[in-house]
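# Descriptive analysis of the structure
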Amino acid sequence: MKENRLRKWWKRERTTCLKAVILACLPVIACLVYCAAKGQSIGQIYLPASERNDELIYYKQVEAILQYGYPQGYFGFNESHALKLSFAAWSPVLVLPWVLWGLAFGWNLLSPVLCNIFLLTAAMLLFGLLAKPDWKQIGILTFLFFLYMPFSWYMLCGMPEIGCISMLIVFYGLAAAYLRRGRAVPLAAMFGLAGLLTLMRPYLLLFLFLPAYFWTVRSGAAQRARRPELKGWKRLLHGIAAGRRGILGSAAIIAAVLGIYGWVNHFLAAEYLEPLFYMDWLTAFFEKGLLGGLRNFFGSLYYSGMQFLGHMRQGAVSGLAAGAIFCCYIFLFLLLLYQWFCDFAVLRRDRKRGQDCGELSGQLALEGHLAFAFLGMLGAQLLMYNFFDGCKHLLTFLAVGIFVVSRMRTVYLKKAILTGAVFAYFFFYRGAGFEAYEPDFAEPAITAEMELWNEAAGRELALTGDERPNYDNVVIWVLSDEVQGGTAYTGWQYLYSLPAGFGISCCTSDYCMEQFGNLKSRYICVVPGGPIEAKCIAMGYGKIVGNERAALYSRQGRKE
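Here's a quick rundown of the structure. (Residues numbered from 1 in each chain as written. Predicted model: local features only at pLDDT ≥ 70, side-chain atom pairs only at ≥ 80, totals over all residues. Heavy atoms only, no water.)

## Details of helix α16 (residues 414–429)
The set of residues buried in α16 consists of Lys-415, Ala-416, Thr-419, Gly-420, Val-422, Phe-423, Phe-426 and Phe-427. For α16, the arc enclosing every buried residue in end-on projection is 160°, short of the 170-degree limit, so these residues lie on one face. Opposite the buried face of α16, by more than 90 degrees, sit the exposed residues Lys-414, Ile-417 and Tyr-429. Where α16 is buried, its residues meet α5 (135–147), α6 (150–157), α12 (280–318), α13 (321–352) and α15 (387–405). (Buried < 20%, exposed > 50% of the residue type's maximum accessible area, 1.4 Å probe, protein only. Helix = DSSP H or I, 4+ residues; strand = E, 2+ residues; numbered from the N terminus. Arc of directions from axis to C-beta. Contact = heavy atoms within 4.5 Å.)

So, in structure tokens, the structure goes:
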């Protein structure tokens, strides 16, 4: 019986499976082609050769979780630490996919890259099975996937954002499955994925509103069917009243997710060097009253907007990375708005003719919601993030926008070709500004230095203390220091050599100079030849290992 059922399913779905496998091959092909174009292989990617320091913190936290359950020393900034356990400023939920990978396959310097490739491959496979795209959509997705270079960069650089992107791709596959059959299981899974995404990155809360909308429409569908005579505003208000179960249920889910995120952020996150979110526009309402708050809000919006446009101009002319990302983001946002208005006009026309509009209304919901999410994130970018850090978060929205563009109603593929042209211009023709996003490969000099640091750190550093986490298991990473030639940055890449379980506290030179006699951490990594190293030498701290870019000292003297 089961065999017959499986045979029937395969006969019915084999074309869908073929399409899903084709989509699943795209991430692997993209990575292989990228590495081949650089004359390298995936196995030669080397995280310590990178200039992206966030990945160091994520990598070492995962390493500690896998070996000890949590870091045995504090991660933090200027020796801050979380109220509970020992994680850094960002939600530890973000590295959950890496932790699961590490539990299954172990953890080494190539693990983040392999895990990212697997995550995106699995997401593409699931999207193909859930959304059941036609061959035209497969072609559009393939075309845009290879032109959107951040897919390859994020996978090969070992950035945890690939976990978010992969889950959002599955999220839209579930949305397509729900629109096709209207079952509760995909809807519940959408709530679950969006909730988990919010715990990873709070701005992804915006994606909780799509399943909330679907639930509201679903819960009021039966009652609306009984009142077909209602039109316009009366129909809308009746729909809201009829869908109150979905509204209240969605509100409860959103409130619960925000509550959990608030708890995680309060107890499990260390204080950062600067605010993660700028909230001046909001606090102004309490400090200056309603009118003063509004003046401040619109003034901040105008000032940030002018800066935003300035970055866009530089991105279009010179390839500035932040400006190029902003240009792509605004283009896709406007395309979504344009397509939404076009589809809305067609929907109204078809309804007047009494035609079935189910498929079109579903696509309208996807386009409208993603445009809303783009607008919400644009507001957050202008008011709450600095442009350098905030622009990277926009790449996640652009990545999932490709999957909505592939479903747009089109005859001559104008929208897909135009989107591809924009990507080609900014990521290929003007791609010089994206060097910091590109993966780095092993070089003999770097690997030789890392071997020396691995040997010295393994010999001289050991976890201590009965009560952990503690500061004896922390290395201060002095961000920079003043040397004869100007400001020099510590070669933080060598901190990959720290034994598993050690915490890292990123500290400014001002903090270290002011608090030098009161530092809590046992070890300190400094800029060679700087004032802080001079203080270390004067205090008789034992030098464990060093080179021209970094020097690691034990504050309790040289170990024998």
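Resuming the write-up.
## Remarks on the pattern of salt bridges
Considering all chains together, one arrives at eight salt bridges under this definition. Between Glu-63 and Lys-60 there is a salt bridge, with the nearest N and O atoms lying 2.6 Å from each other. On the criterion of helical spacing, the pair formed by Glu-63 and Lys-60 is a turn pair, its members being three residues apart in helix α2 (residues 54–68). Each member of the pair, Glu-63 as well as Lys-60, carries the same accessibility label: buried. Between Arg-459 and Glu-460 there is a salt bridge whose closest N-O contact spans 3.4 Å. Connected through shared salt-bridge partners, Arg-12, Glu-13 and Lys-132 make up one network. (Salt bridge = Lys/Arg side-chain N within 4 Å of Asp/Glu carboxyl O.)

## Describing the pairing of strand β4 (residues 486–489)
The pairing of strand β3 (residues 480–483) with β4 spans four bridges and is classified as antiparallel. Looking at β4, one finds that Val-483 is bridged to Gly-486. Here β3 hands over to β4 after two residues, the two strands then running antiparallel side by side. (Pairing = 2+ DSSP bridges.)

## Describing the nonpolar core
Nonpolar side chains tend to gather and get buried jointly when the protein is soluble and globular. Core analysis: the largest hydrophobic core is formed by 160 residues, its most contacted members being Tyr-172, Phe-207 and Phe-397. Among the elements that line this core, the one with the most residues is α13, at 14 residues. With residues near it in sequence (within four places) discarded, Phe-207 still touches Leu-168, Phe-171, Tyr-172, Ala-194, His-369, Leu-370, Ala-373, Phe-397 and Val-400. Of all hydrophobic cores here, the second largest spans 14 residues; its members include Ile-476, Val-526, Ala-551 and Tyr-553. (Core = buried A, V, L, I, M, F, W, Y, C linked by side-chain atoms within 4.5 Å.)

## A look at α12
Along an α-helix, residues three or four apart share an orientation, since each turn contains 3.6 residues. For α12, which comprises 39 residues, the first-to-last C-alpha distance of 32 Å sits more than 12% below the rise-based estimate of 57 Å (1.5 Å per residue). Along its length, α12 reaches its greatest deviation from straightness, about 140°, at Lys-288. Listed as buried for α12 are Trp-281, Ala-284, Gly-292, Gly-293, Phe-297, Ser-304, Gly-305, Phe-308, Gly-310, Met-312 and Gly-315. Immediately downstream of α12, the backbone of Gly-319 shows phi near 85°, a positive value. (Expected span 1.5 Å × (residues − 1). Bend = angle between axes of the 7 residues up to and from the residue.)

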